[in-house]
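# Coordinate analysis (summary)
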Amino acid sequence: MDMKETIRDQFTRHFGNEGQMYASAGRINLIGEHTDYNGGFVFPGAIDKVIMAEIKPNGTDKVRVYSVDINEYAEFGLEEADAPSQQWARYIFGVCREIIKRGGEVKGFDAVFAGNVPLGAGLSSSAALESCFAFAFNDMFNANKIDKFELALIGQSTEHNYCGVNCGIMDQFASVFGKAGNLMRLDCRSLEHEYYPFNPEGYRLVLLDSKVKHELVDSPYNKRRASCEHVASVIGVETLRDASMDDLEKVKDQISAEDYNRAKYVIEEKQRVLDVCDALQRGDYDTVGDRMYKTHEGMSKLYEVSCVELDYLNDIAKECGVTGSRIMGGGFGGCTINLVKDDLYDKFIETAKAKFAEKYGHEPQVYDVVISDGARKID
Ligand code: ADP
Ligand code: MG
């Protein structure tokens, strides 16, 4: 049975009738890393890995929901005090509460959901889950009056207020706004966005998950942020978005070598996103790939958020002649994202698996991704 049939089947078993189906997607970010809190650009796209849910109002003030993948059932009310204990259910509860807090409507419903976005691999399964339900509640209970950006904000607030994750807006934005064959440049200062065609014929996008996560995520992240804020204040701008390399050179003597490197990475990364947008409009995937490698190098040498495992995957990609490769996400573990020519794909995957396993004792997990639609209603 495919995912949709499984959900339909489980819905009938649990609730004895039929609801409406919705889905939303996980996401990749092609380029633009550690730029969000510097007012810069990110460049995500939704992928062909989704959370799918069947939902039906049940005429009560209670929610009853079954998670196929976790094989757990939760039941909760819609008041603030009704928060469920299961983590997965808190994402759904949070979305309900955030809509209600904003003056929107959510009534009792029954739901069954499942997904194929890998959990915790950096593809944002949580944003897919939030966006799926936020989109559904907008359609079902609010006559689609909540605008799409607000749906993304509802997902983000859910993470902040009900799941203890202090995330930015990119993941939920990408999941809600995603369009097949398009990446989106999101300006993290103005929150304006623009679609760019991404149809890399003859290429594939593949993620290699190192399956390592170095346990130093919070404090280095805060230190990077502090460096960026400090350099911005010495230059006299609000964020590094407004600084050029010339500005940075002028204050070089007033800041530490480390802070200089951090700021250099951010300023260069802003330009790399713009370069990639231009290159995509020309269909120039070599330039896209070149900037991906440069981002990796910057994250590794200047921003220092890589790790040996990810550097090794990047080296293997380079040796194999892969068009572009870089760390995806904040760093210190997780995946590389790779733009690979079709005819190189098999050799690359085989080589990466063998070499990585030889050195680190396990193979990287391979995720093929295609840029696809985000939140939607399905028949
Ligand atoms: P990610 O990077 O994938 O977003 P998170 O830790 O933020 O990782 O979110 C993962 C959490 O989202 C899971 O622990 C679970 O609570 C919820 N989740 C994601 N996918 C599913 C699913 N298919 N079924 C149930 N819960 C899910
Ligand atoms: Mg998440």
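The structure we're discussing is the one just above.
About the thresholds
Residues numbered from 1 in each chain as written. Chains lettered and ligands numbered in written order. Predicted model: local features only at pLDDT ≥ 70, side-chain atom pairs only at ≥ 80, totals over all residues. Heavy atoms only, no water. Helix = DSSP H or I, 4+ residues; strand = E, 2+ residues; numbered from the N terminus. Rg over C-alpha atoms; globule rule 2.2 N^0.38 Å. Buried < 20%, exposed > 50% of the residue type's maximum accessible area, 1.4 Å probe, protein only. Contact = heavy atoms within 4.5 Å. Areas by Shrake-Rupley, 256 points an atom, 1.4 Å probe, with all protein chains shown as cover. Lys, Arg positive; Asp, Glu negative; His and termini not counted. Charge placed at Lys NZ, Arg CZ, Asp CG, Glu CD. Phe/Tyr/Trp six-rings, centres within 6.5 Å; stacked < 30°, edge-to-face > 60°. Lys NZ or Arg CZ within 6 Å of the ring centre and 35° of its normal. Near = heavy atom within 4 Å. Polar contact = N/O pair within 3.5 Å; in protein donor to acceptor, adjacent residues only side chain to side chain. Pairing = 2+ DSSP bridges. Axes fitted to C-alpha atoms, helices over the stretch in contact; angles between N-to-C directions. Expected span 1.5 Å × (residues − 1).

Turning next to the overall build of the protein chain. The secondary structure content of the protein chain amounts to eleven helices and 13 strands. Taken over the C-alpha trace, the protein chain has a radius of gyration of 21 Å; the compact-globule value for 379 residues is 21 Å, and the two agree within 12%. By principal-axis analysis of the C-alpha atoms, the protein chain measures approximately 65 × 50 × 40 Å. Taking all 379 residues of the protein chain together, the buried fraction comes to 58%. Long-range contacts, defined here as pairs at least 24 residues apart, represent 71% of the contacts in the protein chain between residues at least 6 apart. If you sum the accessible surface of the protein chain, you get close to 15800 Å²; carbon and sulfur atoms cover 45% of it. Charged side chains of the protein chain number 44 positive and 62 negative; the gap between the two group centres comes to 1 Å.

All right, on to the packing of aromatic side chains then. Where two aromatic rings form a pair, the distance of their centres and the angle of their planes describe that pair. Enumeration according to the criterion identifies 20 aromatic pairs in this entry. Summarising the aromatic geometry, the rings of Phe113 and Phe133 are spaced 5.9 Å apart at their centres and angled 85° between planes, so their arrangement reads as edge-to-face. Placement of the pair is Phe113 in strand β6 (residues 109–115) and Phe133 in helix α3 (residues 125–141), with a sequence separation of 20 residues. Pairing Phe137 with Phe141 gives two aromatic rings, centres 6.1 Å apart and planes at 35°, and the pair type is tilted. Highlighted residues: Phe137 and Phe141, both in helix α3, separated by four residues, approximately one helical turn. Phe141 matches Phe137 in its accessibility class, with the two residues each being buried. We note Lys252 situated over the ring of Tyr260; from NZ or CZ to the ring centre the distance is 4.4 Å. When the ring centre of Tyr312 is taken as reference, the NZ or CZ atom of Lys359 above it lies at 4.4 Å.

All right, on to the site of ligand 1 then. Close to ligand 1 lie 17 residues; Asp69, Gly120, Ser124, Ser125 and Ser126 are nearest. In the model, an oxygen atom of ligand 1 is placed 2.7 Å from a nitrogen or oxygen of the Ser125 side chain. Here Ser126 contributes a side-chain N or O atom positioned 3.0 Å from an oxygen atom of ligand 1. Counting residues per element, the ones that place at least two in the shell around ligand 1 are α2 (87–101), β6 and α3.

A word on unusual backbone geometry. Phi is positive for Asn71, which is not a glycine, with a value near 55°. Within the element layout of this structure, Asn71 appears in the loop between β4 (62–67) and β5 (72–77). With a relative accessible area of 54%, Asn71 lands in the exposed category. Backbone geometry places Ala143, a non-glycine residue, at a positive phi of 50°. As for its placement among the helices and strands, Ala143 is situated in the loop between α3 and α4 (148–162).

Ordered in space as β5-β4-β6-β3-β1-β13, the six strands form an open sheet in which the pairing is mixed. Of all the strands in the sheet, just β5 and β13 (376–378) have a single pairing partner and so form its edges. Here the strands of the sheet are splayed against their neighbours by 25° on average, with no regard to which way each runs. Where strand β1 (residues 20–29) lies against strand β3 (residues 44–57), nine bridges are found, and the strand directions are antiparallel. The residue bridging Tyr22 from the neighbouring strand is Ala53, located in β3.

Under the 1.5 Å per step criterion, the end-to-end length of α4 is 21 Å for 15 residues, consistent within 8% with the ideal 21 Å. When α4 is considered as a whole, its buried residues turn out to be Phe149, Leu151, Ala152, Ile154, Gly155, Gln156, Ser157, Thr158, Glu159 and Tyr162. On its buried face, α4 sits against α2, α3, α5 (170–177) and β7 (182–187). Between a side-chain oxygen at the N-terminus of α4 and the backbone nitrogen of Phe149 the separation is 2.8 Å; the capping residue is Asp147. Of the residues flanking the end of α4, it is Gly164, one or two places downstream, whose phi is positive at about 70°.

Without other data, these values stay purely geometric and don't point to any function.
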